[in-house]
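# Breakdown of the fold
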Amino acid sequence: MNRPTSKREEPTAEQRGDLQGPRWGAFDNLILHIHPRTVPEQTLKFTLTWGLGGMAVLLVLLQIVTGILLMLVYEPSPGKAYESILILQNDVVFGQYIRNIHYWSANILVVVVFLHLLRVYFTGGFYGPRQFNWILGLCLLFSVLASNFTGYLLPWDQLAFWAITICTSMFEYIPGLGIWLQKAIRGGSEVGSNTLLIFFTFHTSILPFFLILLMAFHFWHVRRAGGVVIPKRTDEEQEIVPNYVHTIPNLVFRELAVSLVLIAFVFVFSIFFNVSLADHANPGLSPNPTKAPWYFAGIQEMLLHIHPLFAVFIIPACALLGLMILPYLPYQTNATGAWFVSRVGQRTAVIAAVVALVFTPTIIILDEFIVHINTGSFAVSPAVSHGLLPTLLLLVAVIVFYLWVRKRFTATRNESVQAVFVMLMVAFVVMTVACALFRGEGMKLMWPW
Amino acid sequence: MKLWMGLGVLALAEFIGVIIAFIWPRKPVTAEGGFGDIIAAGQVNAFPLNTVTAFPMGHFYLCRLEDSGFLALSRKCTHLGCTVPWMEEDRKFICPCHSSAFDMRGNVINTPAPRALDLYAISIENNMVKVNTGKRIRRTEFRAEQVTYPKDA
């Protein structure tokens with residue numbers, strides 16, 4: 001199959017049919033600055049996009065509105081931050097409720113953008129001409145994570161203080177720049193009032209600015225590519241002819257429906273589940289256990305098994321690089337719009353997921369209970385025995401798996417790369433769950449109930 | 001065109017330089033006798049042999065070894081920076097975050113901590129033990145020359 005040309009494909013006058021859709025006055029204009037006048041009917045199917053991109057936008061808007069309300073009460077200094085949260089919760093009308101909405105929608109946002117990444121990947125939304133938009137999407141993902149992370153410190157309770165302490169301590173293991181970077185982020189050698197001020201500024205002005213800028217760039221690229229991917233049945237070769245319908249009301253009504261359901265869910269959830277506030281931050285007393293925010297728990301889990309240089313720097317850097325070059329690999333076909341590339345792709349993806357689901361917990365448990373070797377008994381340095389060696393073993397395992405998939409299923413490069421992607425993603429999710437839910441006092445494995 | 005490009009690059013470099021200079025870690029403001037300053041811990045005789053004394057304000061532990069030498073250990077775990085409490089009954093520092101353990105000299109007796117607890121420099125003048133908390137000294141493991149002995153011992 002040949003790659004489509006990267007020029008956007010404007011529908012012809014016949015495809016568009018009647019150029020005059022229903023008019024909604026000024027709204028018409030606003031909506032049509034974001035959306036095109038017409039969209040392919042096939043892309044409206046809910047199970048193509050699951051509405052995830054739209055949900056992310058809505059959640060960001062919710063963050064901005066509730067965030068501004070919170071800024072009217074919050075004071076970013078160690079002496080007052082915790083007090084102001086107490087005032088917010090106890091004396092401000094709907095204060096606790098607004099905090100709940102801000103907190104829960106922020107956490108849902110992380111899940112939604114991650115699922116959005118998976119959806120785009122598995123429907124081939126990263127092949128040309130959408131390659132660069134994948135990169136923009138990754139930048140947005142990291143902006144969301146950074147926003148979440150900087151917000152985590154602001155309540156200045158024990159949970160916040162120690163989570164940020166251990167996460168910023170991870171920077172120490174980056175060779176060369178690490179210690180300087182850590183000092184710059186903390187505004188000093190320890191987490192303190194400078195840290196709080198820096199995090200507050202990033203959380204409330206720098207990151208939102210970049211987030212909105214990147215969002216505009218992201219949407220513009222969606223339009224330039226002629227909208228979202230047009231679905232096609234897997235293993236069907238013929239091009240699908242898009243059937244254009246009016247954006248208003250066809251797309252806009254669907255977006256409104258998803259938005260209302262999501263808003264209702266967040267609001268109801270926030271009524272029933274209050275966000276907790278631990279004791280006031282105490283730099284002299286680390287709680288047991290101390291965990292990173294859940295979205296970094298996968299890295300913390302890796303830290304328990306692998307030397308810090310590899311767990312917090314080399315492996316994440318490689319993973320990031322891998323995600324970045326994913327759209328630019330020399331693929332054999334352009335599988336835009338086909339779920340999991342093909343039937344072979346679907347089978348190998350399932351197999352990869354099963355392999356990761358079996359092996360990741362096994363390795364975690366084995367390392368915890370059986371092969372726990374003390375570094376002292378090793379002749380080589382711990383960076384080699386606990387870092388280089390397991391990393392190389394992992395790399396060899398991934399390469400063997402890749403070659404096995406290619407050979408056993410006569411899979412294309414698209415399908416085999418996808419299988420490796422699935423395996424690593426599932427492994428990451430398993431590690432995240434293991435650390436966030438299955439680790440208790442002293443970071444020992446235990447049942448969460 | 002090339003000239004404009006060059007000027008543009010220069011302006012960008014300046015801009016980035018100014019930002020880096022702005023966020024460059026500043027010298028911390030230290031209160032007199034607080035963390036970051038030289039702290040007078042106490043008279044030599046106030047610390048019995050083979051004991052560990054915590055100085056919460058100074059963020060360190062003063063350890064008096066069996067041979068009457070002194071060590072000032074940072075309370076920060078070398079793994080991820082949690083505060084390690086001294087467990088008197090086990091005679092160990094045990095980190096609550098990832099259960100790294102250190103002995104009285106700061107040596108690692110249980111991973112994942114990669115190196116011994118950091119040190120602060122000690123000076124003993126007129127029988128007064130003084131700890132310089134302004135500079136943390138990184139080390140991989142305990143060595144005999146790290147211990148400071150009182151003059152008359």
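Procedures and definitions
- Residues numbered from 1 in each chain as written.
- Chains lettered and ligands numbered in written order.
- Predicted model: local features only at pLDDT ≥ 70, side-chain atom pairs only at ≥ 80, totals over all residues.
- Heavy atoms only, no water.
- Helix = DSSP H or I, 4+ residues; strand = E, 2+ residues; numbered from the N terminus.
- Rg over C-alpha atoms; globule rule 2.2 N^0.38 Å.
- Buried < 20%, exposed > 50% of the residue type's maximum accessible area, 1.4 Å probe, protein only.
- Contact = heavy atoms within 4.5 Å.
- Areas by Shrake-Rupley, 256 points an atom, 1.4 Å probe, with all protein chains shown as cover.
- Lys, Arg positive; Asp, Glu negative; His and termini not counted.
- Charge placed at Lys NZ, Arg CZ, Asp CG, Glu CD.
- Patch = residues over 30% accessible without salt bridge, like charges linked within 9 Å, V, L, I, M, F, W, Y side chains within 5 Å.
- Salt bridge = Lys/Arg side-chain N within 4 Å of Asp/Glu carboxyl O.
- Buried area = accessible area lost by both parts, 1.4 Å probe.
- Polar contact = N/O pair within 3.5 Å; in protein donor to acceptor, adjacent residues only side chain to side chain.
- Disulfide = S-S within 2.5 Å.
- 1 Å grid on protein atoms, 1.4 Å probe; cavity = no way out; pocket = protein on both sides within 12 Å on 5 of 7 lines; lining within 4 Å.
- Points joined across faces, edges and corners; volume = space filled by probe spheres on them.

This part is about the overall build of chain B. Helix and strand content of chain B: one helix and ten strands. In chain B, the order of α-helices and β-strands from amino to carboxyl end is α-β-β-β-β-β-β-β-β-β-β. Relative to the 2.2 N^0.38 estimate, which gives 15 Å for 153 residues, the radius of gyration of chain B is 21 Å and therefore markedly larger than a compact globule would have. With respect to the three principal axes, the spread of C-alpha positions in chain B is 75 × 40 × 25 Å. When the 153 residues of chain B are sorted by exposure, 42% land in the buried category. Long-range pairs, those at least 24 residues apart, make up 47% of the contacts in chain B with a sequence separation of at least 6. Counting only carbon and sulfur atoms, one obtains 62% of the accessible surface of chain B, whose full area is about 8600 Å². Averaging the locations of the 17 positively and 14 negatively charged side chains of chain B gives two centres separated by 8 Å.

A cluster of nonpolar side chains, contributed by Leu12, Phe15, Ile16, Ile19, Ile20, Phe22, Ile23 and Trp24 of chain B, occupies part of the molecular surface with about 850 Å² of accessible area. Checked against the element boundaries, Ile19 of chain B lands in helix 1 (residues 2-23).

Let us now look at the interface of chain A and chain B. Listed per partner, the contact involves 31 residues of chain A and 24 residues of chain B. Its largest share of buried area at the contact with chain B, chain A owes to Tyr173, Trp180 and Glu190 of chain A, together 23% of the area lost on that side. With its nearest N and O atoms 3.9 Å apart, the salt bridge here joins Lys76 of chain B to Glu190 of chain A. Here chain A and chain B share eight residue pairs in polar contact (both at pLDDT 80 or more) between them. Elements with a minimum of two residues in the side of chain A that touches chain B: helix 8 (158-169), helix 9 (178-186) and helix 12 (297-305) of chain A. With five residues, the top contributor of residues to the side of chain A that touches chain B is helix 9 of chain A.

Let us look at the state of the cysteines. Two cysteines whose sulfur atoms are joined by a covalent bond form what is called a disulfide. Scanning the entire structure with this criterion turns up one disulfide over all chains. Between the sulfur of Cys82 of chain B and that of Cys97 of chain B lies a disulfide, 1.9 Å long from S to S. Handedness here is read from the sign of the S-S torsion; for Cys82 of chain B and Cys97 of chain B, about -95°, the answer is left-handed. Taken together, the residues Cys82 of chain B in the loop between strand 4 (70-74) and strand 5 (86-87) and Cys97 of chain B in the loop between strand 6 (92-94) and strand 7 (101-102) connect sequence positions 15 residues apart. A relative accessible area of 0% means that Cys97 of chain B is categorised as buried. In this structure Cys435 of chain A is a free cysteine whose sulfur lies 10 Å from that of Cys167 of chain A, the closest cysteine sulfur available. The buried category is assigned to Cys435 of chain A, whose relative accessible area is 0%.

Below, the discussion takes up the pattern of salt bridges. All names here are of chain B. Under the criterion given, the structure shown has eleven salt bridges over all chains. A salt bridge links Arg143 to Glu145, with the shortest nitrogen-to-oxygen separation between them at 3.0 Å. Judged by its relative accessible area of 41%, Arg143 is partly exposed. Accessibility expressed as a relative area gives 58% for Glu145, which makes it exposed.

So, about empty space enclosed by the protein. Residue and element names in this part refer to chain A. Counted by the stated rule, this structure contains three cavities of 30 Å³ or more. Here the second largest cavity defines a volume of roughly 50 Å³. Forming the boundary of the second largest cavity are Tyr121, Phe122, Gly124, Phe126, Tyr127, Ala335, Ala338, Phe340, Val341, Asn414 and Gln418. Secondary structure elements with two or more residues in the lining of the second largest cavity: helix 6 (95-122) and helix 16 (413-437).

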